[in-house]
Amino acid sequence: NAGVMQNPRHLVRRRGQEARLRCSPMKGHSHVYWYRQLPEEGLKFMVYLQKENIIDESGMPKERFSAEFPKEGPSILRIQQVVRGDSAAYFCASSLAGLNYNEQFFGPGTRLTVL
Amino acid sequence: GEDVEQSLFLSVREGDSSVINCTYTDSSSTYLYWYKQEPGAGLQLLTYIFSNMDMKQDQRLTVLLNKKDKHLSLRIADTQTGDSAIYFCAEGYSGAGSYQLTFGKGTKLSVIP
């Protein structure tokens, strides 16, 4: 009964490179959320996706960041041309449904370090 | 905008009670949550309370909600060393087509043996 899986757990990139973070939701969950946790901060909502659809990306930076959740395979958070300020822990969560209260189950996170 | 505030550190002796406090700003929040994060791990939902309740008890955990003051607290009875972690308060609200969580910065609980 695997929970939410994220990989890699740690990712090191140099400025200007691309970072791709993957998230496999819990079995049976079709709603995925991405959050970012900057050092010594709380988690901030970035984007909410269902299969093949971005539902709410109000928390995503306007440039360089994109997310997808294809019909098959994991959800991907992609950061192009990374900068030092992108260094953070990126958490994925999944839920059974997306409206009102539905428990969001969190993955262990990917810790991105930009050199 | 939405904002959740909580103190950053709390230190208690093993066996004592811990009380972690949180204030939030969005009066339209439907649920309020407490999550626990152990080092290097993701967030684990501890408990939640619906916004029209004022108290919820779950074994060693007691959540108190003062909706008028927008104040939420988590009490852990008989605190154990295994309770050492960062505790996040979060509020949930319906945003642009989705249900979003807004988190505080977390309170680091240290339990002294």
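The sections below set out a description of the structure shown in this document. (Residues numbered from 1 in each chain as written. Chains lettered and ligands numbered in written order. Predicted model: local features only at pLDDT ≥ 70, side-chain atom pairs only at ≥ 80, totals over all residues. Heavy atoms only, no water.)

## Here we look at the sheet that holds strand 6 (residues 55-58) of chain B
All names here are of chain B.
1) Next: Strand order across the open sheet formed by five strands is 1-3-8-7-6, with antiparallel pairing between neighbours. Whereas interior strands pair on both sides, the edge strands pair on one side only; in this sheet they are strand 1 (4-6) and strand 6. Strand-to-strand, the axes of this sheet are offset by a mean angle of 15°, without reference to chain direction.
2) Next: Bridging between strand 7 (residues 61-66) and strand 8 (residues 71-76) involves six bridges; their strand directions are antiparallel. Its bridge partner lying in strand 8, L64 is registered against S73. (Pairing = 2+ DSSP bridges. Helix = DSSP H or I, 4+ residues; strand = E, 2+ residues; numbered from the N terminus. Axes fitted to C-alpha atoms, helices over the stretch in contact; angles between N-to-C directions.)

## Comments concerning the nonpolar core
Residue and element names in this part refer to chain A.
1) Next: Ranked by size, the top nonpolar core spans 23 residues in total, and within it W34, M46, L77 and Y90 carry the most contacts.
2) Next: Contributions of two or more residues to this core are made by strand 3 (19-24), strand 4 (31-37), strand 5 (43-50), strand 7 (65-68), strand 8 (75-79), strand 9 (88-95) and strand 11 (110-114).
3) Next: If near-sequence neighbours (up to four positions away) are discounted, L77 is found in contact with A19, R20, L21, W34, M46, M60, S66, A67 and Y90. (Core = buried A, V, L, I, M, F, W, Y, C linked by side-chain atoms within 4.5 Å. Buried < 20%, exposed > 50% of the residue type's maximum accessible area, 1.4 Å probe, protein only. Contact = heavy atoms within 4.5 Å.)

## A look at unusual backbone geometry
Residues and elements named next belong to chain A.
1) Next: The omega torsion of the bond from N7 to P8 falls at -5°, within 30 degrees of zero and hence cis.
2) Next: By secondary structure assignment, the location of P8 is in the loop between strand 1 (5-7) and strand 2 (10-13).
3) Next: Of note, R64 is a non-glycine position whose phi angle comes to about 75°, a positive value.
4) Next: One can find R64 in the loop between strand 6 (53-56) and strand 7.
5) Next: On the accessibility criterion, R64 (25% relative accessible area) is partly exposed.

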